[in-house]
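Structure at a glance
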Amino acid sequence: MQFTANIPPKLVLKGTPREIGLKHGRRLQNQIKDQLEIYREMFDYTSKMQWPAVRMLAEEFRSTLEQSMPDIYVEMQGIAEGAGVDLLDIVALNCRSEISLGKFSDGCTTLSWKKSDHVRVLSQNWDWTTSVGKNMAMVRIEGHGKPVIHMVTEAGLVGKIGFNSAGVGVGLNAIKAPVCDSSKVPIHVALRLCLESVSVDAALERLTSLGGAASSQYIILAESSKSLGLELSPLGDVYIQEDRNGMIMHTNHFIANSCVQQPPWLPGSPVRLQRCQDLCDNLVQAGVAGKQVTPTLLREKIFSDRYNAPEAICCSEDPLAHPTQKCSTLFNIVMNLERDNLGAEVIFGRPGYGEASAVVRLPWGPEDGHY
């Protein structure tokens, strides 16, 4: 399968968990195998772990998934079979944040903005190892009895960033902290469970009922009438409410959760958070509100910002970093969570570089095609 103009493939996955997984694995077979090579090198460099050791830890999560999240487990089995790889390889991809104990150096900036009492905009830059950019996909999942999911994900992953037909959106910031509990929910699986939920409250209830997150992470949940930031840890969770301007913004460190004493990392994270706050304050002071809060405005005024490069809101590669640590902004997404006008705009690559011709809309129409 070839990419066109740096736009990832579009997949429509329908049916039972097994059918969804099989089609995912078959259509993204080459990308999944490339992902496994990328993550083998990353684990070796960042965590000093060879792949057999990674698979041993993946077995702990495999058991939890099989017992507590059987539909997700069956879907992973289908992905593995479809791609012609071992099940533990797929489990390892989906639990890589937990297995690495936060040693992967990724960064992201998330922002939820209340446009009105019944409209939220959820947006973020996703910053990650540049080599992964060629293995991304846009996916629509139509499972039986569940909301339709629209998300941007990595090949082989069951959950990532996006929204569903019930109007629930999710974003993610990685948090580095050496705490993990394999009896709880891996973060990428948690994102998928949120995307299967009909409301923010239902998503929160589902995560709580399964024991919470397996590692320290941050999820932003939003729907038309509310948004909520979740600073998650196996040691305890803290929730962040909208501020006086109806916003929640976050980067890659805990703001309110003191359950985990995280080691210093990503010195640019507090700088990005303050920069995002300043830029948003400037927009509010200029009178920006309501319908003026558009994807174009957010990309131009916030998410393309290069202050404190390379660790800017719009992240660029550090030329001195090891290849596995060369991170950049791989996509920006702006989701409009409005009951009668659900949709998102996605820019692949760093926003601000000739983006006008590269805006991708979710959900896509029949004229856009899919695999």
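Now for a look at the structure at hand. These numbers were taken from a predicted model, which means no experiment stands behind them. Throughout, a residue's number is its position along its own chain's written sequence, starting from 1. Note on the predicted model: pLDDT of at least 70 is required for a residue's local features to be given, and 80 or more for side-chain atom pairs to be given and counted; whole-chain, interface and lining totals, by contrast, use all residues. Water and hydrogen atoms play no part in the side-chain values, which are based on all heavy atoms of the structure.

**Some thoughts on the overall build of the protein**
The following threshold applies: The helix and strand labels rest on DSSP assignments: H or I over at least four residues marks a helix, E over at least two residues marks a strand, and numbering proceeds from the N terminus. Between the two quantities, the radius of gyration covers C-alpha atoms and the globule rule is 2.2 Å times the number of residues to the power 0.38. Three labels apply to residues, based on accessible area from a 1.4 Å probe with only protein chains included: buried if under 20% of the type maximum, exposed if over 50%, partly exposed otherwise in between. Throughout, a contact is declared for two residues whenever any of their heavy atoms are within 4.5 Å. In this description, accessible areas are obtained by the Shrake-Rupley approach with a 1.4 Å probe, and a residue is regarded as covered only by the protein chains that are shown. Only four residue types enter the tally: Lys and Arg on the positive side, Asp and Glu on the negative side, with His and both chain ends excluded. Each charge is placed at NZ for Lys, CZ for Arg, CG for Asp and CD for Glu.
Secondary structure assignment for the protein yields 10 helices and 14 strands. Here the protein has a C-alpha radius of gyration of 19 Å; the compact-globule value for 371 residues is 21 Å, and the two agree. Taken along the three principal axes of its C-alpha coordinates, the protein extends 55 × 45 × 40 Å. Out of the 371 residues in the protein, the part that is buried amounts to 60%. Summarising the internal contacts of the protein: among those between residues at least 6 apart in sequence, 66% fall at separations of at least 24. Carbon together with sulfur atoms contributes 50% to the accessible area of the protein, which is approximately 14,300 Å² in total. Separation between the mean location of the 36 positive side-chain charges and that of the 41 negative ones in the protein comes to 3 Å.

**Concerning helix 3 (residues 51–68)**
The line we're drawing: Multiplying one less than the number of residues by 1.5 Å gives the expected span of a helix.
Look at helix 3: 25 Å from first C-alpha to last across 18 residues, which is about the 26 Å you get at 1.5 Å a residue. Listing the buried residues of helix 3 in full gives Trp51, Val54, Ala58, Phe61, Arg62, Thr64 and Leu65. Tucked into the core, helix 3 has its buried residues touching helix 2 (29–47), helix 4 (70–83), helix 5 (87–94), helix 6 (96–99) and helix 7 (187–195).

**What about the sheet that holds strand 13 (residues 343–348)?**
Heads up, the rule is: The pairing criterion is simple: DSSP has to find at least two bridges between the two strands. What counts as an axis is a line fitted to C-alpha atoms, over the stretch in contact for a helix, and the angles between N-to-C directions run from 0 to 180 degrees.
In spatial order, the strands read 11-2-3-12-13-14; together these six strands make up an open sheet with antiparallel pairing. Single-partner strands in this sheet number two, and they are strand 11 (247–250) and strand 14 (359–362). Going across the sheet, the axis of each strand differs from the next one's by a mean of 15°, ignoring polarity. In terms of strand pairing, strand 3 (residues 119–129) meets strand 12 (residues 327–337) through 10 bridges, oriented antiparallel. When the bridges of strand 12 are listed, Arg120 appears paired with Leu337.

**Side note on the packing of aromatic side chains**
Aromatic rings in a pair are described by how distant their centres are and how their planes are angled relative to each other. As a reminder, the rule being used: Note on aromatic pairs: the rings of Phe, Tyr and Trp (six-membered ring only in Trp) are paired at centre separations within 6.5 Å, and the planes decide the class, stacked below 30 degrees, edge-to-face beyond 60, tilted for the rest. A ring is scored as having a charge over it whenever the NZ atom of a lysine or the CZ atom of an arginine sits within 6 Å of its centre and within 35 degrees of its normal.
The full count for this structure, using the stated rule, is four aromatic pairs. Measuring from ring centre to ring centre gives 5.9 Å for Phe43 and Trp51, while their planes differ by 65°; the resulting arrangement is edge-to-face. As far as burial versus exposure is concerned, Phe43 and Trp51 are alike and both buried. A network of ring pairs unites the aromatic residues Trp126, Phe331 and Phe348 as a single cluster. Across from the ring centre of Tyr45, 5.5 Å away, lies the NZ or CZ of Lys48, which sits over that ring.

**Some words on the pattern of salt bridges**
Going by this rule: Salt bridges are defined by distance alone: a side-chain nitrogen of Lys or Arg within 4 Å of a carboxyl oxygen of Asp or Glu.
A full pass over the atoms with the stated rule returns 21 salt bridges. Put simply, Lys146 and Asp71 hold a salt bridge, and the shortest N to O gap is 3.4 Å. Here Asp71 lies in helix 4 and Lys146 lies in the loop between strand 4 (136–143) and strand 5 (149–154), a separation of 75 residues in the sequence. Linked through salt bridges whose partners overlap, the residues forming this network are Asp71, Glu75, Lys146, Arg192 and Glu196.

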